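The primary structure of each chain is shown beneath.
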Amino acid sequence: MKFNKNFFFSGLLVVSLGWKCSGPAEKPIVSRIPFPEENPVTAEKIAFGKRLFFDKRLSKNNEMSCSTCHRPEKAFTDGLSKSRGTNGSLAMRNASSLFNVAYSKSYMYDGEVKTLEQQALVPIQDHLEMGSSMKEVIRKLSKDPQYNQLAKQIFKRKLDAYVITRALSTYERTLISRNSRFDRYRKGEKHALNANETAGWKLFSEKLYCIQCHSGPDFTNYKVLCNGLYTDYGTDQGRYRINGLEEEKGAFKVPGLRNVSLTAPYMHDGSIPTLREVIVHYSRGGVAHPNKSALVKPFHLTDLEINQLESFLKTLIDTSAVK
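Everything numeric in this text was worked out from a predicted model, so none of it was measured.

Here we take up the pattern of salt bridges. With the rule as written, the count across this model stands at 17 salt bridges. The salt bridge partner of arginine 173 is glutamate 117, with a shortest N-O separation of 2.8 Å. One end of the pair, arginine 173, is in helix α8 (residues 161-173); the other, glutamate 117, is in helix α4 (residues 116-119), and 56 residues separate them in sequence. Assessed through its relative accessible area of 4%, arginine 173 is described here as buried. Given the relative accessible area of 9%, glutamate 117 is considered buried. The structure contains a network of salt bridges with shared partners spanning Arg93, Asp110, Asp236 and Arg241.

And the structure:
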């Protein structure tokens, strides 16, 4: 991917449901990416982070990189119900898309990790995922003269965990997806969507009011909620594993819907294969669970309306950041 200064630092006017875009379609206008003051962006740091993202030495067996589970062509997911880790181990959960993580207020399905810099440590050290340790990663990467040079040039220090996590998170923050056909429709290009797609948008926003949970530019309210997927969540009780609070059993972070048609299968455990089946799940109002959000209520759609809703969701594709 090439660094484009105009792409990263153009502005967005946020109104109404969360966005209002203007300007030519070929130059997507996005909100200012919230790079932390302690980790400012540079083109060199982005390139360094991208190189790390695709480096298999971050894993224990040198066979997995971040891109193994977050594949660019799949909107930075991997198409599996649960990702495969080193030596064939099965990860705990489905791999989330990395598009627009710069705007997220927390990370992981539990919503517990507060920064991308902290998040970068999790998969590297998880024995079910990359299975390594930061100490081992530093030992291996320190043998690379180019990495040592980049660390000194960009961070003014030797290669260490600080350098690795900040370079990775800087690259990940540049993965912006906000120039879909739907965005062009919102800009005023009324022919960007066909009749079925616009009908699907009206169903989504007005009849079903899905925007209560899937709102704003990234179609998420960033909350951690129970959607009634199971009556018993078994070995993965969601945010309950963090605080041990009964009211947090079955609660997972509400995902954004950008590129959702590219990121099957769905839910925290990848248990629903298709978008249509996701719609059916919600139309039934989920299943009985004491913590199920009051926002999850049954509704009725005809086959035509299901097709229209699914058609609308497919208009949220924008992978232009993948080059």
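If you look at the biggest cluster of nonpolar residues, it comprises 43 residues, and the most contacted ones within it are Phe48, Leu52, Leu58, Leu141, Leu159, Ile164 and Leu168. If you list the elements that add at least two residues to this core, you get α2 (43-53), α3 (66-69), α6 (134-141), α7 (145-155) and α8. Filtering out sequence-adjacent residues up to four positions away, leucine 168 remains in contact with Gly49, Leu52, Phe53, Leu58, Cys66, Ala120 and Ile124. With 29 residues, the next largest nonpolar core counts Tyr109, Leu208, Tyr233 and Leu275 among its residues.

Attention shifts here to α2. All buried positions along α2 are accounted for by Lys45, Ile46, Phe48, Gly49, Leu52 and Phe53. For α2, the angular spread of the buried residues around the axis is 165°, confining them to a single face.

Glancing now at the environment of serine 293. Tracing the backbone through its elements, the reader meets serine 293 in the loop between α12 (275-283) and α13 (303-314). Here serine 293 falls in the buried class, since its relative accessible area comes to 13%. C-alpha separation for the pair serine 293 and arginine 241, spaced 52 residues apart in sequence, amounts to 18 Å. When near neighbours in sequence (up to four residues on either side) are disregarded, serine 293 contacts Leu225 and Cys226.

Let us look at the state of the cysteines. A disulfide bridge is the covalent bond that connects two cysteines by way of their sulfur atoms. Under the definition given, this model contains 0 disulfides. As a non-bridged cysteine, cysteine 66 has cysteine 69 as the owner of its nearest cysteine sulfur, 8.9 Å distant. Owing to a relative accessible area of 10%, cysteine 66 belongs among the buried residues under this scheme. For cysteine 69, a relative accessible area of 11% corresponds to the buried category.

On to the packing of aromatic side chains. In the structure shown here, the tally under the stated rule is 19 aromatic pairs. Between tyrosine 233 and phenylalanine 252, the aromatic rings sit 5.9 Å apart at their centres with planes inclined by 35°, giving tilted as the arrangement. In this pair, tyrosine 233 is assigned in the loop between β1 (224-225) and α11 (240-243) and phenylalanine 252 in strand β2 (residues 252-253), connecting sequence segments 19 residues apart. As far as burial versus exposure is concerned, tyrosine 233 and phenylalanine 252 are alike and both buried. Here the aromatic residues Phe182, Tyr185, Trp201, Phe204, Phe219 and Phe312 are joined through ring pairs into a cluster of three or more. Lying over the aromatic face of tyrosine 162, arginine 157 brings its terminal NZ or CZ to 4.2 Å of the ring centre. When the ring centre of tyrosine 240 is taken as origin, the NZ or CZ atom of lysine 249, which lies over that ring, is 4.8 Å away.

Cut-offs and rules
Residues numbered from 1 in each chain as written. Predicted model: local features only at pLDDT ≥ 70, side-chain atom pairs only at ≥ 80, totals over all residues. Heavy atoms only, no water. Salt bridge = Lys/Arg side-chain N within 4 Å of Asp/Glu carboxyl O. Helix = DSSP H or I, 4+ residues; strand = E, 2+ residues; numbered from the N terminus. Buried < 20%, exposed > 50% of the residue type's maximum accessible area, 1.4 Å probe, protein only. Core = buried A, V, L, I, M, F, W, Y, C linked by side-chain atoms within 4.5 Å. Contact = heavy atoms within 4.5 Å. Arc of directions from axis to C-beta. Disulfide = S-S within 2.5 Å. Phe/Tyr/Trp six-rings, centres within 6.5 Å; stacked < 30°, edge-to-face > 60°. Lys NZ or Arg CZ within 6 Å of the ring centre and 35° of its normal.

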